[in-house]
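# Architecture and fold: a report
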Amino acid sequence: MASSSSLLSEDEFQCSICLDVFTDPVTTPCGHNFCMVCLREYWNSSSHCQCPLCKEEFSRRPELRVNTFISGLTAQFKKSLQVKSSRSSEKPPSKPKKILCDSCTETKMEALKSCLDCGVSYCSDHLTLHKTTPKLKKHKLMDPVENLQDYICQNHERPLELFCRDDQTCVCRFCTETDHKTHSTVPVEQESGEKKTQLGKTQADVQQMIQDRMKKIEEINHSVDLNKKNTEKEKADSVEVFRALVRCIERSQAELLEVMEEKQKAAERQAEELIKELEQEITELKRRDTELEQISHTEDHLHLLQVYPSLCRPPPTKTWTDVRINTHLRVETLRVLSQLQEALSEEMEKLPEIKLKRIQQYAVDVTLDPDTAHPDLMLSDDGKQVKHGNIRQKIPDSPQRFNQCSCVLGKEGFSSGRFYYEVQVRGKSNWDLGVISESSNRKGKIKASPENGLWSIWLRNETEYKARDSPPVLLSLNQVLQKVGVFVDYEEGLVSFYDVDTSSHIYSFTGQSFTEKIYPYFSPCLNDGGKNSAPLIITPVHHHK
């Protein structure tokens, strides 16, 4: 079966933006592939979200994820390129430059050794005397080198076989009797070995620094991707909230317009009835006016006196002075607006619940660490409950263990990102909850404050809630807490507490600067003769979709 690298050409593994082999390849909805970074930079620099190759536009920026299939093929392709490159570069190792014998007079033979005492390189034949003559046997021989003078002291023309640690330079034995007489010197082989050891440590440090920075790059990229997902989620939640508010307003507006229309029609009907009644009275009054006009000109005095009693009084009519058309639309408007305000308030009350649901997405599994627990504390076997036992247990002390305050920490610490957990505090009269920095003091009396690396809230005497800020803040709560949610955003420097049952916010420490690991912190406080014997319980977080 042919490998992928033999079937595909380099062009098919090439990003059309950077013109290089794919790095973290991603695929657009139209089917084209690019490097993730290249495509993001292209979209960030453009006002349109479109494919760089076919120019197809997208209504929303697609969520980019590495195409694992193409990424695997790209890795194989890069590996095949490296193999080809290594094969093409596999040439016979270049032979070192020949060092010629300084003693040969005619045809120069290749030197076998260089003598540091003589300052001369010798071939095999001319080296014989150094092997047979006792005095020459003491000379220091080495593999032949071209720059032999660099290995010989320029002042005494002797081998540089010692290293002066005071002046950090190579010297010969004669130098130790003159300028370097009182200096600390060691054989160059010894100093070289120590320097190699130091270089090895330096190299290890450099490699570790490289790994740390590569890890930090991964963390940054992960944080960016996570933040993008969080932003999209928050945007969707916010859009839904505002849509609900808009629907509420539109519903109230439609109701108000309908009421206004009905009021207008009722006013028109009332006006028609009143006008009809007025017209009837006008007709009757005109008839009476005609009668009065006629009788006023009569010469029949007897008749005038006879009809006068009936004509002197006006016909029965209605008093119209206080009659008004009902136009009290403003009252109705105020009523509808009042209802709208109530509806909007109900919608706004849902916001804390929505926020808590979003925060609960960062739930982590917290387990208590028995190695940090005060000897008076009793932990459940599953590490999810802690209470004061009123009995000092015989357990070994350690730097991690609290020895005076009745506290215990979670096993896992956090040095980045966001995390959330919930603790049941039902039935207790005193407790402390929060997070603590890794280096915070665990011995003796502990002052709870952010300056001391402890961010917490507490309950005392069943009803007194405080945030242990600087200075402490008295908390006014509408009801007794039964379950508390603790949320931390490490990069944001935020520690928040929530009443899980009412989905309401209790208190937040903001603008903090975390520089080390922080751990969940728990204190069930003293047993208080059984009044505070209930445990603190780490409960599962129920996610809401």
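Our subject is the structure that appears above.
Residues numbered from 1 in each chain as written. Predicted model: local features only at pLDDT ≥ 70, side-chain atom pairs only at ≥ 80, totals over all residues. Heavy atoms only, no water.

Looking now at the overall build of the chain. Scanning the chain for helices and strands turns up eight helices and 21 strands. By the compact-globule yardstick of 24 Å for 545 residues, the chain is too spread out, its C-alpha radius of gyration being 48 Å. Taken along the three principal axes of its C-alpha coordinates, the chain extends 190 × 75 × 55 Å. Here the chain holds 545 residues, and 34% of them are scored as buried. Sequence-distant contacts in the chain: of pairs separated by 6 or more residues, those separated by 24 or more amount to 58%. Summed over all atoms, the accessible surface of the chain reaches about 35,500 Å², with 52% contributed by carbon and sulfur. Once the 73 positive and 82 negative side-chain charges of the chain are each reduced to a mean point, those two points are 8 Å apart. (Helix = DSSP H or I, 4+ residues; strand = E, 2+ residues; numbered from the N terminus. Rg over C-alpha atoms; globule rule 2.2 N^0.38 Å. Buried < 20%, exposed > 50% of the residue type's maximum accessible area, 1.4 Å probe, protein only. Contact = heavy atoms within 4.5 Å. Areas by Shrake-Rupley, 256 points an atom, 1.4 Å probe, with all protein chains shown as cover. Lys, Arg positive; Asp, Glu negative; His and termini not counted. Charge placed at Lys NZ, Arg CZ, Asp CG, Glu CD.)

Taken in spatial order, the seven strands line up as E9-E10-E21-E12-E17-E18-E19 in an open sheet, and their pairing is antiparallel. The open sheet has two edge strands, strand E9 (377–379) and strand E19 (504–509), and neither has a second partner. Adjacent strand axes in the sheet meet at a mean angle of 25°, parallel and antiparallel pairs treated alike. Note that strand E12 (residues 418–424) and strand E17 (residues 483–489) share seven bridges and pair antiparallel. By the bridge assignment for E17, Tyr-420 is matched with Phe-487. (Pairing = 2+ DSSP bridges. Axes fitted to C-alpha atoms, helices over the stretch in contact; angles between N-to-C directions.)

Before going further, it helps to spend a moment on helix H2 (residues 36–44). Within H2, burial applies to Met-36, Cys-38, Leu-39 and Trp-43. Considered in projection along H2, the buried side chains sweep an arc of 165° and stay on one side of the axis. Turned more than 90 degrees away from the buried face of H2, the exposed residues are Val-37, Glu-41 and Asn-44. Turning to H2, the residues buried within the fold contact strand E1 (25–27) and strand E2 (33–35). (Arc of directions from axis to C-beta.)

We now examine the packing of aromatic side chains. The tally for this structure, following the rule as stated, stands at ten aromatic pairs. By the ring-pair criterion, three or more aromatic residues cluster together here, those being Trp-455, Tyr-490 and Phe-514. Lys-318 extends its terminal NZ or CZ atom over the ring of Trp-320, reaching a point 5.0 Å from the ring centre. The positively charged end of Arg-468 is found above the aromatic ring belonging to Trp-458, 4.0 Å away from the centroid. (Phe/Tyr/Trp six-rings, centres within 6.5 Å; stacked < 30°, edge-to-face > 60°. Lys NZ or Arg CZ within 6 Å of the ring centre and 35° of its normal.)

Judged by nonpolar contacts, the single largest core of 35 residues is most densely connected at Trp-431, Val-484 and Phe-522. The residues contacting Trp-431, other than those within four sequence positions of it, are Val-425, Ile-457, Trp-458, Leu-459, Arg-460, Tyr-465, Leu-481, Val-484, Ser-523, Cys-525 and Leu-536. In terms of nonpolar packing, the next biggest core, distinct from the first, is built from 14 residues, Phe-22, Phe-34, Trp-43 and Leu-64 among them. (Core = buried A, V, L, I, M, F, W, Y, C linked by side-chain atoms within 4.5 Å.)

Turning next to a negative patch on the surface. Among the surface-exposed residues, Glu-258, Glu-261, Glu-262, Glu-268, Glu-272 and Glu-273 lie close enough to one another that they form a single negatively charged patch. You can see Glu-273 is positioned in helix H6 (residues 188–296). Since its relative accessible area comes to 56%, Glu-273 is described here as exposed. (Patch = residues over 30% accessible without salt bridge, like charges linked within 9 Å, V, L, I, M, F, W, Y side chains within 5 Å. Salt bridge = Lys/Arg side-chain N within 4 Å of Asp/Glu carboxyl O.)

On to the pairing of strand E13 (residues 431–437). In terms of residue burial, E13 counts as a mostly covered element, since seven of its seven residues are buried. As paired strands, E13 and strand E14 (residues 454–460) are joined by six bridges and run antiparallel to one another. The partner of Trp-431 across the bridge, within E14, is Leu-459. Where E13 meets strand E20 (residues 518–523), six bridges bridge the pair, whose relative direction is antiparallel. Note on E20: the bridge partner recorded for Val-435 is Pro-520.

The next subject is the pattern of salt bridges. Evaluation of the coordinates by the stated rule reveals 22 salt bridges. Here Asp-225 ties to Arg-40 by a salt bridge, and the two come within 2.9 Å at their closest N and O atoms. Of this pair, Asp-225 sits in helix H6 while Arg-40 sits in helix H2, placing them 185 residues apart in sequence. Between Arg-288 and Glu-291 there is a salt bridge, with the nearest N and O atoms lying 3.6 Å from each other. Taken as a pair, Arg-288 and Glu-291 lie in helix H6 at a separation of three residues, close to a single helical turn. Residues joined in a network through salt bridges with shared partners are Lys-140, Glu-161, Arg-173 and Glu-189.

On to the environment of Arg-65. Within the fold, Arg-65 resides in the loop between H2 and helix H3 (68–88). Here the alpha-carbon distance between Arg-65 and Met-36, two residues 29 residues apart in the chain, equals 8.1 Å. With residues near it in sequence (within four places) discarded, Arg-65 still touches Pro-25, Val-26 and Met-36.

Bridge count for strand E18 (residues 494–499) against E19 is five bridges, and the pairing is antiparallel. Bridge assignment links Tyr-498 to a residue of E19, and that residue is His-505. Hairpin connection from E18 to E19: four residues lie between these consecutive antiparallel strands, with Ser-503 at a positive phi of about 55°.

A few words now on the side chain of Arg-442. With respect to the secondary-structure elements, Arg-442 resides in the loop between E13 and E14. Buried and unpaired, Arg-442 has Glu-438 as its nearest opposite-charge partner, separated by 6.1 Å. If near-sequence neighbours (up to four positions away) are discounted, Arg-442 is found in contact with Thr-372, Pro-399, Gln-400, Arg-401, Phe-402, Asn-403 and Leu-409.

Moving on to unusual backbone geometry. Glycine aside, residues mostly have negative phi angles, and peptide bonds mostly take the trans form. A cis amide bond links Ser-470 to the next residue, Pro-471, at an omega of -5°. The topology assignment puts Pro-471 in the loop between strand E15 (464–467) and strand E16 (473–475). In the Ramachandran plot, Glu-462 falls in the positive-phi region, its phi being about 70° despite a non-glycine side chain. With respect to the element layout, Glu-462 can be found in the loop between E14 and E15.

Taken together, the six strands give an open sheet; going across it, the order is E11-E20-E13-E14-E15-E16, and neighbouring strands pair in antiparallel fashion. The sheet is open, and its two edges are formed by strand E11 (408–409) and E16, each paired on a single side. Across four bridges, E14 lies against E15 in antiparallel orientation. Residue Arg-460 lies in a different strand from E15, and its bridge partner there is Glu-464.

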